[in-house]
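Here is how the chains run, residue by residue.
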Amino acid sequence: MKNVLFVIVDSLSFDRINNFNQNIRLTPFLDSIKRQSITTDNLFSQGPYTEAGTKGLLCCCNTLDNGGYFCRYDSQERFITDFFKEFGYETYNVNAPSYLLSKRTLENIDHMIYTSGFDCRFLWSQRFSFYYDRWSNGHFTGEDYTYLSKFVELVFESAEDFLSAVNCDEKYDLISHLIDFDILDKNRNILYSEKVKFYSNKKEYLDSVFEKKLSHPIFLIENIKLNEMINTDLINSVLKKKKHFVSRLKRVQFQRNLQNNHCTKGALIRALREISHDKKPNKKNCGEYINRLRNLISGREFEVYQKGLYYTNDPYKLVPSARTQMNYAVSILKKKSEKNKFVFIHPEEAHYFNTFFTYDSNDEALIKTEFSEAERFLEQIDKKYKGSLFYDLSVRYLDRQIEELYHKLKEADLLKDTIVVITADHGSSYFFDPIRKSLVNNFHSDNYHVPMYIFGGGVTPKECTGMYMSKDIIPTIAELLGKEMTGDYNGNSMLDDNYNAEDVFIEYMGPGCPDIRLKPVWLSSRSRKYAVSFIGMLNEPFSEKNICEVYDLCSDRNERYNIRDFRNKDIELLIEKIHARFEELRIQNGFA
């Protein structure tokens, strides 16, 4: 049996990697390792952001099964570590506490290593704020209280695990230098006090949260000082020395996109007017599309980056870098153990805003080298370039880190005994080619089409030619290991030549709070020829009026021209699949 290193790269889009129309490759190492790997060019996530995209991937299920992902992964019988624990593995989960793993799920994680602090404020932004008007108008029902209480219970269980560790606990291996343990003790006491209040009267507790909003004690728990992982003096010093490079990045991005990126003339004029008159983007004046175009051609992301604001204002990036996480994974695999190890990590460099160097390093020489690599990349792009240089540099950086991971495993004589899985939780539209009106909540391939590379450990290379979903990855690894999956799961091995699906299915709850009772479901069926999308409420009968998008993928690869009213046999078949899934969800959730 082999070790398994499972790497989920946040926001890595296959579309950008595959369609990078330059004389150089965006991911030269991954391209080279493809010949030694199990790969597919047709793998899709079921959701366009982490909360929606990881349930199917990590639980081997359809995303909206069992009420969807309102309580993250807890609605499913199995989480990824449950499968590997059953296979006989010692399990390591190197991840942020925002994943919200329940007490039941944590039982099969032998080693939980946290990569960030626990900030309860998301409880308001991601759940309570959605219900506030409903509550304040007196329409919050007993069912609503019960439904929301389940999520609050999950938050308490997850927060308690994070705060229960002590100074020497391995849970804090990657963040111990950022923690004030006196503050941690204070936070723990607040949490326990709030937990007692919640369980003594759940309705009264939820009412108090709605009344006090973000001033409620649960939101006053101080987060650890994650921005202290960044040596801002060092980073700003390097940025100052590289100011001409950063200026050139902005200039090249402006010039190339002005020349090559598709947009309407009116949109371009309005965006340029916004650039000349406003210091900050004004969505009210320019709209979402114009705002994105403005940021792209003005290089505003570089302005934020250069000023050093990025490192303290983006909580999503305040986790250890890909280099740090991968080095830590190698150190785990080097440990002697009676069991093989399953190790899970989740680097976030490609998550917007993007990062192309090791931001948590104190090694100035390393950071300068990474900047030099970025400069060489910039020198090699041609005059036809369009898109976000920032995104592309982050992907190139990740490719380099995966290459270093490969060589470190090989040097430690671990590669032959370790299966490495590289994939993504979802894709991204933040490479701006084409520029989308909505960057996250859309049905475009950019946000769902993800790469997969499985190599090492005596893997026999194979290109899987069917169409697959993220839920098929765990069964594929199980077949590689010669293990039989049991229990509640819904995926198929890509190695099974008898499984050759010709379409994939996307399903999630759109933006914001994923309450499947009160919000429309977003469903899309996609073949090699067409993509058909639907948005509708489960408490209403299926209607083709809710078909919102149809794209001909043969003649319109970038999905620009919505032929919503066009029908043929292929499109009708995809609509039938959407209808069937919609009826399944209506039955599962008590609407039929």
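Quantities reported herein were computed from a predicted structural model and do not represent experimental measurements.

Draft legend 1. Main features of the nonpolar core. Counting 179 residues, the largest nonpolar core has Phe-6 and Phe-84 as the members making the most contacts within it. When neighbours within four sequence positions are excluded, Phe-6 is seen to be in contact with Leu-57, Ile-80, Phe-342, Val-343, Phe-344, Ile-345, Val-421, Thr-423, Ile-473 and Ile-477. The next biggest cluster of nonpolar side chains, apart from the first, holds 5 residues, and it includes Tyr-352, Phe-432, Ile-435 and Leu-439.

Draft legend 2. Structural context of the pairing of strand S4 (residues 90-95). With 6 of 6 residues buried, S4 is to be regarded as a mostly interior element. Residues Glu-90, Tyr-92 and Val-94 line one face of S4 and the alternating positions Thr-91, Asn-93 and Asn-95 line the opposite face, and both faces are buried. Where S4 lies against strand S6 (residues 341-345), 4 bridges are found, and the strand directions are parallel. For Tyr-92, the partnering residue across the bridge sits in S6 and is Val-343.

Draft legend 3. Looking closely at the sheet that holds strand S3 (residues 43-44). Read from one edge to the other, the open sheet built from 3 strands follows the order S8-S3-S11, with strand pairing classed as mixed. Edge positions in the sheet fall to strand S8 (449-450) and strand S11 (468-469), since each of these pairs with one other strand and no more. Of the pairings in the sheet, the one linking S3 to S8 comprises 2 bridges and is antiparallel in character. Bridge pairing links Leu-43 to Val-450 in S8.

Draft legend 4. Highlighting the pattern of salt bridges. Scanning the entire structure with this criterion turns up 45 salt bridges. For Arg-127, the salt bridge goes to Glu-51, with nearest N and O atoms at 2.5 Å. Residue Arg-127 is found in helix H6 (residues 122-136), and its partner Glu-51 is found in helix H3 (residues 50-59); the two are separated by 76 residues along the sequence. Arg-517 is the salt-bridge partner of Asp-515, the closest N and O atoms lying 2.7 Å from each other. Residues joined in a network through salt bridges with shared partners are Arg-323, Glu-373, Arg-400, Glu-403, Glu-404 and Lys-408.

Draft legend 5. Quick look at the layout of surface pockets. By volume, the second largest pocket amounts to about 600 Å³. Taken together, 29 residues line the second largest pocket, and the ones lying closest to its centre are Asp-15, Asn-19, Ser-445, Arg-557 and Asn-558. Of all the secondary structure elements, the ones that give two or more residues to the lining of the second largest pocket are helix H1 (14-18) and strand S13 (521-527). Among the elements that make up the lining of the second largest pocket, the one with the highest residue count is H1 (4 residues). In terms of residue class, the lining of the second largest pocket is built from 8 nonpolar, 9 polar and 12 charged.

Draft legend 6. Highlighting helix H9 (residues 202-212). Those residues of H9 that fall on the buried side of the exposure criterion are Tyr-205, Leu-206, Asp-207, Ser-208, Val-209 and Phe-210. Where H9 is buried, its residues meet H6, helix H7 (142-163) and helix H8 (181-200).

Draft legend 7. Region of interest: the packing of aromatic side chains. In this structure the tally under the stated criterion is 47 aromatic pairs. For the ring pair Tyr-73 and Phe-79, a centre distance of 5.2 Å and an interplane angle of 55° mean the geometry is tilted. The class for Phe-79 is buried, based on a relative accessible area of 2%. Their ring planes at 85° and their centres at 6.4 Å tell us that Trp-124 and Phe-219 sit as a pair that is edge-to-face. Residue Trp-124 is found in helix H6, and its partner Phe-219 is found in the loop between H9 and helix H10 (232-241); the two are separated by 95 residues along the sequence. For the pair Trp-124 and Phe-219, a shared accessibility class is recorded, and that class is buried. Against the face of Phe-151 rests Arg-127, its NZ or CZ located 4.2 Å from the ring centre. Seen from the ring of Tyr-147, Arg-517 lies directly overhead, with NZ or CZ sitting 4.1 Å from the centre.

Draft legend 8. Structural context of the environment of Ile-218. With respect to the helices and strands, Ile-218 occurs in the loop between H9 and H10. Assessed through its relative accessible area of 3%, Ile-218 is described here as buried. Residues Ile-218 and Ile-190 lie 28 residues apart in sequence; the distance between their C-alpha atoms is 7.5 Å. In this view, Ile-218 contacts Cys-120, Phe-156, Leu-191, Glu-194 and Tyr-205; residues no more than four positions away in its chain are not counted.

Draft legend 9. How the structure looks around the side chain of Gln-253. With respect to the helices and strands, the residue Gln-253 is situated in helix H11 (residues 243-260). Reaching out from Gln-253, the side chain makes a polar contact with the backbone nitrogen of Leu-389 at a distance of 2.8 Å.

Draft legend 10. Layout of the packing of helix H17 (residues 364-380) against helix H18 (residues 389-411). It is the contact of H17 with H18, at a shortest axis distance of 11 Å, that shows an interaxial angle of 125°. The orientation of H17 with respect to H18, classified from their angle, is oblique. Every pair of crossing elements has a handedness; the one defined by H17 and H18 is right-handed. Along the contact surface, H17 presents Glu-370, Glu-373, Ala-374, Phe-377 and Leu-378, while H18 presents Leu-389, Asp-392, Leu-393, Arg-396, Tyr-397, Arg-400 and Gln-401. The class makeup of the residues in the contact of H17 with H18 is 6 nonpolar, 1 polar and 5 charged.

Draft legend 11. Quick look at the confidence of the model for the protein chain. Mean pLDDT over the protein chain works out to 90, with 90% of the residues at or above the 70 mark. A low-confidence stretch, residues 304-316 stays under pLDDT 50, and its non-local contacts, those more than four residues away or across chains, total 33 contacts.

Draft legend 12. How the structure looks around the sheet that holds S13. The strand order across the open sheet built from 4 strands is S12-S13-S14-S15, with neighbouring strands paired in antiparallel fashion. Of all strands in the sheet, those bounded by a partner on one side alone are strand S12 (503-508) and strand S15 (547-552). Taken over all neighbouring pairs, the strand axes of this sheet differ in orientation by 10° on average, direction set aside. Helix H20 (residues 569-588) rests against S12, S13, strand S14 (530-536) and S15 of the sheet, and its axis sits at about 35° to S14.

Draft legend 13. Representation of unusual backbone geometry. The omega torsion across Asp-433 and Pro-434 is 10°, close enough to zero to call that bond cis. Within the element layout of this structure, Pro-434 appears in the loop between strand S7 (418-424) and S8. Of note, Ser-11 is a non-glycine position whose phi angle comes to about 65°, a positive value. Residue position: Ser-11 is located in the loop between strand S1 (3-9) and H1. Phi is positive for Asn-66, close to 55°, though the residue is something other than glycine. Of note, Asn-66 is situated in the loop between H3 and helix H4 (80-86). On the basis of relative accessible area, Asn-66 is assigned to the partly exposed category, the value being 43%.

Criteria and cut-off values
Just so you know, the residues in each chain are numbered from 1, in the order the chain's sequence is written. Only residues with pLDDT of at least 70 are given local features in this predicted model, and only at 80 or more are side-chain atom pairs given and counted; all residues enter the totals for whole chains, interfaces and linings. To obtain the side-chain values, all non-hydrogen atoms of the structure were used and water was disregarded. Among the buried residues, those of types Ala, Val, Leu, Ile, Met, Phe, Trp, Tyr and Cys that are joined through side-chain atoms within 4.5 Å form a nonpolar core. Partly exposed residues are those whose accessible area sits between 20% and 50% of the maximum for their type, while under 20% is buried and over 50% is exposed, using a 1.4 Å probe and protein chains only. When checking whether two residues touch, look at their non-hydrogen atoms; a contact exists if any pair is within 4.5 Å. Secondary structure follows DSSP: runs of H or I at least 4 residues long count as helices, runs of E at least 2 residues long count as strands, and numbering of each begins at the N terminus. Each pair of strands is called paired provided DSSP finds at least two bridges between the two strands. Any carboxyl oxygen of Asp or Glu that lies within 4 Å of a side-chain nitrogen of Lys or Arg is treated as forming a salt bridge with it. The method works on a 1 Å grid over the protein atoms by themselves. A cavity is a set of points holding a 1.4 Å probe that cannot get out, a pocket is an open set with protein on both sides within 12 Å along at least five of seven lines, and residues with an atom within 4 Å of a point line them. Grid points are joined across faces, edges and corners, and a volume is the space filled by probe spheres set on the points. The residue classification treats Ala, Val, Leu, Ile, Met, Phe, Trp, Tyr, Cys and Pro as nonpolar and Asp, Glu, Lys and Arg as charged. All others, Gly included, are polar. Stacked, edge-to-face and tilted labels apply to pairs of Phe, Tyr and Trp rings (six-membered ring for Trp) whose centres lie within 6.5 Å, assigned for plane angles under 30 degrees, over 60, and everything in between, in that order. As a reminder, the over-ring test applies to NZ of lysine and CZ of arginine, requiring each to be within 6 Å of the ring centre and within 35 degrees of the ring normal. Any N or O atom pair separated by 3.5 Å or less is treated as a polar contact, with the protein-specific requirement of one donor-capable and one acceptor-capable atom, and with residues adjacent in sequence counted only for side-chain atom pairs. Each axis is a line fitted through C-alpha atoms, and for a helix only the stretch in contact is used; angles between axes span 0 to 180 degrees, taken between their N-to-C directions. To sort the angles, those under 35 degrees are grouped as roughly parallel, those over 145 as roughly antiparallel, those from 65 to 115 as roughly perpendicular, and the leftovers as oblique. Take the far helix as the reference: if the near one is turned anticlockwise from it by less than a right angle, the crossing is left-handed, and if turned clockwise, right-handed. The predictor attaches a confidence to each residue, and that confidence, scored 0 to 100, is pLDDT.

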